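# Chains, contacts and geometry: an overview
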Amino acid sequence: MYRVFAMCLEAGIAAVILIPAFWVLNRYYFRNSRRTACYLVLSLYLAAVDAVVGLPSLLYIRFVRNINLVPFAYMFSDYRNSLLNVLLFAPLGFFLPVLWKWFRSFWRTALFGFAFSLSIELLQLMTPRATDINDLMTNTLGAMLGWCLGRVILKLFPSIRPSWKTKELAVIFGVTFGVMFLAQPFLAEIVWKLVRN
């Protein structure tokens with residue numbers, strides 16, 4: 001329960017910066033309030049992922065070698081963690097085809113989920129968190145399952161019109177992880193001090 005509270009608090013702190021940032025992005029770049037609201041939800045999800053997986057930030061970078069390259073090692077004995085990894089990446093797989101036509105391809109979404117998960121695992125070398133091949137597999141599986149759900153939603157609601165502008169995805173990722181690396185940690189440090197007192 002504490003982990004969920006911490007994730008929500010960290011994402012909420014990020015929202016204080018991300019909401020005005022996306023308001024500016026909508027005004028000068030996206031120019032579509034409905035799509036921008038969806039992009040903001042995706043951004044807040046990514047901020048929550050950052051909080052859960054413990055990516056490095058400007059305040060916290062430590063090179064620690066904690067690597068598991070043995071597939072399926074502890075995967076079934078720690079099935080709860082594996083299931084949580086699948087659930088963590090399902091929203092990513094859902095958002096991609098619903099928001100962008102390019103990701104209507106199952107394999108493009110799976111590859112994106114794999115690449116994003118690999119990036120996280122490599123960045124975790126700069127934290128005490130473990131870099132684990134099992135996380136890579138379960139995260140990718142989660143993105144694939146999310147894609148299936150996204151395709152069902154697109155069939156049920158044909159009025160949803162995904163965009164061809166995939167460069168918007170790069171902007172969303174850049175803004176979100178820029179905020180999480182550069183600004184959010186300073187606010188989070190203040191808020192956590194208040195929460196603990």
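Here the structure is a predicted model, which means the values were calculated and not measured. (Residues numbered from 1 in each chain as written. Predicted model: local features only at pLDDT ≥ 70, side-chain atom pairs only at ≥ 80, totals over all residues. Heavy atoms only, no water.)

### Overview of the nonpolar core
For clarity, the threshold we go by: Among buried residues, those of type Ala, Val, Leu, Ile, Met, Phe, Trp, Tyr and Cys that are joined through side-chain atoms within 4.5 Å constitute a nonpolar core. Summary of the burial criterion: residues with accessible area below 20% of their type's maximum are buried, those above 50% are exposed, and those between are partly exposed, where the area comes from a 1.4 Å probe applied to protein chains only. Secondary structure elements are taken from DSSP: a helix is a run of H or I of four residues or more, a strand is a run of E of two residues or more, and numbering for both begins at the N terminus.
Among the nonpolar cores identified, the biggest contains 31 residues, and Phe22, Leu42, Leu46, Trp100, Phe116 and Ile172 are the most heavily contacted of them. Listing elements by their share of this core, those giving two or more residues are α1 (2-30), α2 (33-53), α3 (79-99), α4 (106-123) and α6 (167-182). Among the elements that make up this core, the one with the highest residue count is α2 (nine residues). Formed by five residues, the second largest nonpolar core is a distinct cluster that contains Ala6, Leu9, Ile13 and Ala188.

### Some words on α6
Let me state the cut-off plainly: To estimate the expected span of a helix, subtract one from its residue number and multiply by 1.5 Å. What the arc measures is the spread of directions leading from the helix axis to the C-beta atoms.
A rise of 1.5 Å per residue sets the reference length of α6, with its 16 residues, at 22 Å; its end C-alpha atoms lie 22 Å apart and thus fit the reference within 8%. Within α6, the full set of buried residues consists of Glu168, Leu169, Ile172, Phe173, Thr176, Phe177, Val179 and Met180. Taken around the axis of α6, the buried residues stretch over an arc of 150°, which confines them to a single face. The outward face of α6, more than 90 degrees from its buried face, is lined by the exposed residues Lys167 and Ala170.

### Side note on the environment of tyrosine 74
Examined against the element boundaries, tyrosine 74 turns out to sit in the loop between β1 (67-68) and α3. Since its relative accessible area comes to 65%, tyrosine 74 is described here as exposed. On a C-alpha basis, the gap between tyrosine 74 and asparagine 134 in space is 8.6 Å, while along the polypeptide they are 60 residues apart.

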